[in-house]
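These are the residues of each chain, in order.
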There are 2 protein chains.
Amino acid sequence: MSLADAAKRLLPLVEADLQQVLGIPHPDLAAYYGMMHYHQGWADEMLQPVMARGGPAGTSGTAPAKASGTGLAKASGTGKRLRPLVCLLACEAAGGDPRQALPAGSAIELIHSFSLIHDDVEDGSPLRRGRRAVWNVWGVPHAINVGDGLFVLARLALHRLADRGVPAHRCQAASLAFDQACLAVCEGQFLDMSFESRSAVDLDQYLWMIRCKTATLLAASAQLGAMIATDDTELIGRYCAFGLNLGMFFQIQDDLLGAWGDEQVTGKSAATDIRDRKKTLPVVYALNQIHSDGPDAARQLAELYARPGELDPPAIQAALELLNRLGARQYAEEMAEEYYRLALTSLDEAGRENAAQSDLRELAASLLHRRT
Amino acid sequence: MSLADAAKRLLPLVEADLQQVLGIPHPDLAAYYGMMHYHQGWADEMLQPVMARGGPAGTSGTAPAKASGTGLAKASGTGKRLRPLVCLLACEAAGGDPRQALPAGSAIELIHSFSLIHDDVEDGSPLRRGRRAVWNVWGVPHAINVGDGLFVLARLALHRLADRGVPAHRCQAASLAFDQACLAVCEGQFLDMSFESRSAVDLDQYLWMIRCKTATLLAASAQLGAMIATDDTELIGRYCAFGLNLGMFFQIQDDLLGAWGDEQVTGKSAATDIRDRKKTLPVVYALNQIHSDGPDAARQLAELYARPGELDPPAIQAALELLNRLGARQYAEEMAEEYYRLALTSLDEAGRENAAQSDLRELAASLLHRRT
């Protein structure tokens, strides 16, 4: 058994479950759900089904009838369906049946989708996964409302835990933990936006922001998976810590890709984080070097970041060079690796030894050198 | 006892509960929650506490310390806190303790707030309740994220039903009904937006849209209140029907106010629904008079509505005159009254006779001649 086998076994279940949750309930709502299908990669801009990698798309609505084969290749590389996979594997590693965790895995994936759609509007990002963002195809009003719909459908997906025989008290606890994670996502997005208009952000504030915005949802993925399997709060806490550290690692990688990633590979515009003067970890680290006898490069970077509006391409290039000179890239890379090690330690502390546990380790390792 | 007494008794509880739910959890998030407070009317654009009608605002955060006296005057006129009041009164009328229903009342009010903030962005409406809309003060990105936060906080508010001794199975049922209502709100908003770009909308489609977008949340208000009080599904159904019919009545009144309301009284720009070529009930009724031997006025209206972009003031004036000539205003007024009668019938069919039941009747009657 390996991560590839686990993905092959579990991701088609996730895909089928998501398709059930996002089923078109009425012909007059086909375009509404169709926009959700587009974001999932199941439909094109004309809301026509797209060919899945594993075979032809289905004819029911815009969702492909069979999704097997689509998830595996991406699972270890792009983070696609990363959260449901963590959720199902954590459930299995903690001694549960991963099928019972499917409603939670889908719910978390839909919250992730919701946040991407709204973030793209808020950041003005035209591209997502190499395709036009929802707002860029159908406009901001529909994109907001599509995100809202995914938010509610995530909740409705989660309600189905009870149908899968999960005890009521675990359903209730999972529901509360889920909503608390969603609040953190929104608070993190606020902090992220507010950092853009602030000159000084210290490292603790930055780490709190990415904990809220990104890491909490990965923590909830592992936490909910474990909660569905067991009442052992200590064990649940270990998986939660695994997800949290994995999430911190993942976001710092994103920060690195947002500055030094390859547009052709990430599917996003190059250096958008720099263009938008985002206070990512490398930038926060570099700007915190400003003091009486600090390096000139830090002051020069601060001047670039004090400019109004978007940075133009020459300014972006200058900022990237200053960041390199200030050791900001290396610092962020080292911190990412530190969170990776913490994630593995949390897993070890769970004290479980089984195939799913190994799969979680392999999953973390597979993210180490991701390029998107 | 009267509605005024009920409002005086219950609305301060609602206000205090909302203030608890929207409490600032960390100083760095003060501006995030402050924007929510602004939308609730508790803070101004500088996020400073505003004076409540009943007395000075408090000093804790931006929420007034005492809200007594603020709700009563508005409760019977503006629809402010209408949904929590319906929720609490339905709970009491069905034999429950309205204090137990507070988490549900707050949750529904917060969903209403969320939908207004996002609707204002989606519709580009600059004003809300006589003040600048959230997006118009802090920009679209923050407005989207503030709405999202209110959405999650509504869910977290609802979780507190269990703390108030509501049995677990009723909490679970209320949670599901709540999420189903939220989905209808999003679907209704999609239908509403899609109608703008369609030439033909028939009356059934229109009624389905307002059922989703507006009436379902008022239905859920009464339904959840009753659910918290009783397991009698037939009784719960009567209150749900009351809320649904009240909501249909309320929305058709809104349509009338959106065309013929007084800007000084509604706090919204005049005839924005016409300007934005919204397919409101009067318009749908009028446009459906187009057929081979239909009136010229209907064809003229269709021509106006076929123009691209916003209608200019002369076109708005012309549209209003055509609507009058086609009997569209009278038709909508009669339909509003019909739903009002149905709401009262649903109440009668509940077969309860108590003070809260009378208050619900009085509440419906108080909306009959509202001007905002």
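Residues numbered from 1 in each chain as written. Chains lettered and ligands numbered in written order. Predicted model: local features only at pLDDT ≥ 70, side-chain atom pairs only at ≥ 80, totals over all residues.

Let us now look at the confidence of the model for chain A. Residues and elements named next belong to chain A. Taken over all residues, the pLDDT of chain A has a mean of 90, while the share at 70 or more is 90%. Note on residues 54-61: pLDDT under 50 across the span, and 20 contacts to partners over four residues away in sequence or across chains. Contacts for the low-pLDDT stretch residues 63-79, under 50 throughout, to residues beyond four places or in other chains number 52 contacts. Across the whole predicted complex the pTM is 0.91, and at the interface the ipTM reaches 0.91. (pLDDT = per-residue confidence, 0-100. Contact = placed C-beta atoms within 7 Å.)

For helix α10 (residues 233-260) of chain A, which comprises 28 residues, the first-to-last C-alpha distance of 40 Å matches the rise-based estimate of 40 Å (1.5 Å per residue) to within 8%. Of all 28 residues making up α10(A), 23 are buried, and the element is well covered by its neighbours. (Helix = DSSP H or I, 4+ residues; strand = E, 2+ residues; numbered from the N terminus. Expected span 1.5 Å × (residues − 1). Buried ≥ 20, exposed ≤ 12 C-beta atoms within 10 Å, placed from the backbone.)

So, about the relation of the copies chain A and chain B. Superposing chain A onto chain B requires a rotation of 180 degrees together with a translation of 0.0 Å along the rotation axis, leaving an RMSD of 0.0 Å. Overall, the copies show the geometry of a two-fold rotation axis. Of all interface residues in chain A, 97% are interface residues in chain B too; the two copies therefore contact each other through one and the same surface. (Least-squares fit on C-alpha atoms with pLDDT ≥ 70 in both.)

Now for the interface of chain A and chain B. Counting from both sides, the interface comprises 33 residues of chain A and, opposite them, 32 residues of chain B. When contributions to the side of chain A that touches chain B are tallied by element, the ones reaching two or more residues are α2 (30-40), α5 (102-123), α7 (140-159) and α8 (168-196) of chain A. For the side of chain A that touches chain B, a count of residues per class yields 19 nonpolar, eight polar and six charged. (Nonpolar A, V, L, I, M, F, W, Y, C, P; charged D, E, K, R; others polar.)

A separate point is unusual backbone geometry. Most peptide bonds take the trans form, and the phi angle of most residues other than glycine is negative. All names here are of chain B. Unusually for a residue other than glycine, L47 sits at a positive phi of about 65 degrees. Unusually for a residue other than glycine, R129 sits at a positive phi of about 55 degrees. Here R129 lies in the loop between β1 (127-128) and β2 (131-132).

Attention now goes to the packing of α5(A) against α8(A). Packed helices, taken two at a time, are described by their axes: the angle between them and the distance between them. Residue and element names in this part refer to chain A. At a minimum axis separation of 12 Å, α5 and α8 run at an interaxial angle of 15 degrees. Relative to α8, α5 is oriented roughly parallel. Crossing of α5 against α8: the hand is right-handed. Where α5 abuts α8, its residues A104, A107, I111, S115, D119 and E122 lie against A174, F178, C182, V185, Q189 and M193. Split by residue class, the contact of α5 with α8 holds eight nonpolar, two polar and two charged. (Axes fitted to C-alpha atoms, helices over the stretch in contact; angles between N-to-C directions. Parallel < 35°, antiparallel > 145°, perpendicular 65-115°, else oblique. Left-handed = near helix turned anticlockwise from the far one by under 90°.)

Residue and element names in this part refer to chain A. The first and last C-alpha atoms of helix α15 (residues 313-325) sit 19 Å apart over 13 residues, in line with the 18 Å expected at 1.5 Å per residue. Summarising the contacts, the buried residues of α15 are in contact with α10, α12 (272-275), α13 (281-287), α14 (296-305) and α16 (328-350). The first or second residue beyond α15 is G327, which carries a positive phi of 75 degrees.

What follows is about the environment of A:T214. Note that A:T214 resides in helix α9 (residues 203-229). Among all residues touching A:T214, those that are not within four sequence positions of it are A:G247, A:F250 and A:Q251.

Counting 245 residues, the largest nonpolar core has A:A90 and B:A90 as the members making the most contacts within it. Not counting chain neighbours up to four residues away, the residues in contact with A:A90 comprise A:A222, A:G225, A:A226, A:Y239 and A:L360. (Core = buried A, V, L, I, M, F, W, Y, C linked by C-beta atoms within 7 Å.)

Here we come to the environment of B:D148. Along the chain, the position of B:D148 falls in helix α7 (residues 140-159). On the basis of neighbour count, B:D148 is assigned to the buried category, with 27 C-beta atoms found within 10 Å. When the C-alpha atoms of B:D148 and B:L183 are compared, they prove to be 14 Å apart, with 35 residues separating the residues in sequence. Setting aside residues no more than four positions away along its own chain, B:D148 makes contact with A:H118 and A:C186.

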